[in-house]
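A closer look at the structure
This is what each chain is made of:
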Amino acid sequence: MEAVALFSFSASEADEMSFQKGDMIKVTEMEDDSSWLTAEIRGKRGYVPESFVSLLPHPWFAGRVTRQEAEQRLRRQASGVFLVRESESAPGEFSVSVSYGDRVEHFRVLEGAGQYCIWDESFSSLNRLVDFYRTHSIAVETAVCLREPPSERPRLAHALCDYKPPQSARLHFLRGDIIDLLDCSNSLSWRGRCRGRVGMFPPECVRPLYH
């Protein structure tokens, strides 16, 4: 899973990692009884304090659900509706369960050297793997692209960079800011609220967050 840094952190031990506010962090392990997370930043792995980061919620991450539970959730969904779950047969790994309309198929996500893959393409995180298969078929024998249930739409977004346009009517924000999404109907320009101001901005500057 991915997380965004809420505050900057300077490592004090060799097995900890430093980061800056707004950095995107790949969380690789979570312990129920620990205040630290195992994470990867720029190819290096170590510990980060849980209270300094915010996990990016996604409706498609189901956590520890069984294969049977996944099939029950997806059985009546349209083709392409999916969820990602923790693997039953291989703890620490993941599976993608996808509705084919008339049945549910399961794909094991292979991980190695910090990369995730199902077929030939490799990705640095589960999020990027999911994003890729939204526009490329995850199935071989027929075209099936991943998609959210029809009712799901993002209401918040995380700013990926500073956006300081010269036009005062546009929405200004800084990398790491959280933006309230007010209107995403135009694919070229979204309308949002940030720091008490409302305005338009380019959607490629943000990453939508799902509840």
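Provided above is the structure to which this section pertains.
In short, a report on the structure. Along each chain, numbering runs from 1 in the same order as the chain's sequence is written. Local features in a predicted model are, by the rule used here, given only for residues with pLDDT of at least 70; side-chain atom pairs are given and counted only at 80 or more, and totals for whole chains, interfaces and linings are based on all residues. The side-chain values count all of the structure's non-hydrogen atoms but skip hydrogen atoms and water molecules.

**Observations concerning the sheet that holds strand β7 (residues 82-86)**
The following threshold applies: Between any two strands, pairing holds if DSSP finds at least two bridges. What counts as a helix is a DSSP run of H or I of at least four residues, what counts as a strand is a run of E of at least two, and both are numbered from the N terminus. Contacts were defined at the residue level, with two residues in contact if any of their heavy atoms lie within 4.5 Å. Where helices are involved, their axes are fitted lines through C-alpha atoms of the stretch in contact, as for all axes, and angles between N-to-C directions lie from 0 to 180°.
Overall, mixed pairing links the 6 strands, which are arranged β6-β7-β8-β9-β10-β11 in an open sheet. Edge positions in the sheet fall to β6 (61-63) and β11 (122-123), since each of these pairs with one other strand and no more. Judged from the 2 bridges that link them, β6 and β7 form a sheet pairing that is parallel. Within β7, the position partnered with G63 by the bridge is R85. In the packing of helix α1 (residues 67-74) onto the sheet, the strands contacted are β6, β7, β8 (94-99) and β9 (104-112), and the crossing angle to β7 comes to about 165 degrees.

**Examining the pattern of salt bridges**
Put simply, the test is: Here, a salt bridge means any Lys or Arg side-chain nitrogen found within 4 Å of an Asp or Glu carboxyl oxygen. The cut-offs for exposure are 20% and 50% of the maximum accessible area for each residue type, with area from a 1.4 Å probe on protein chains only; residues under the lower value are buried, those over the upper are exposed, and the others partly exposed.
Using the criterion set out here, one finds 13 salt bridges in the structure. E40 is paired through a salt bridge with K26; the nearest N and O atoms lie 3.4 Å apart. Residue E40 is found in strand β3 (residues 36-41), and its partner K26 is found in strand β2 (residues 24-30); the two are separated by 14 residues along the sequence. Assessed through its relative accessible area of 16%, E40 is described here as buried. Given the relative accessible area of 7%, K26 is considered buried. Put simply, E71 and R67 hold a salt bridge, and the shortest N to O gap is 3.8 Å. Remark: R67 and E71 occur in helix α1; sequence separation between them is 4 residues, near one turn of the helix.

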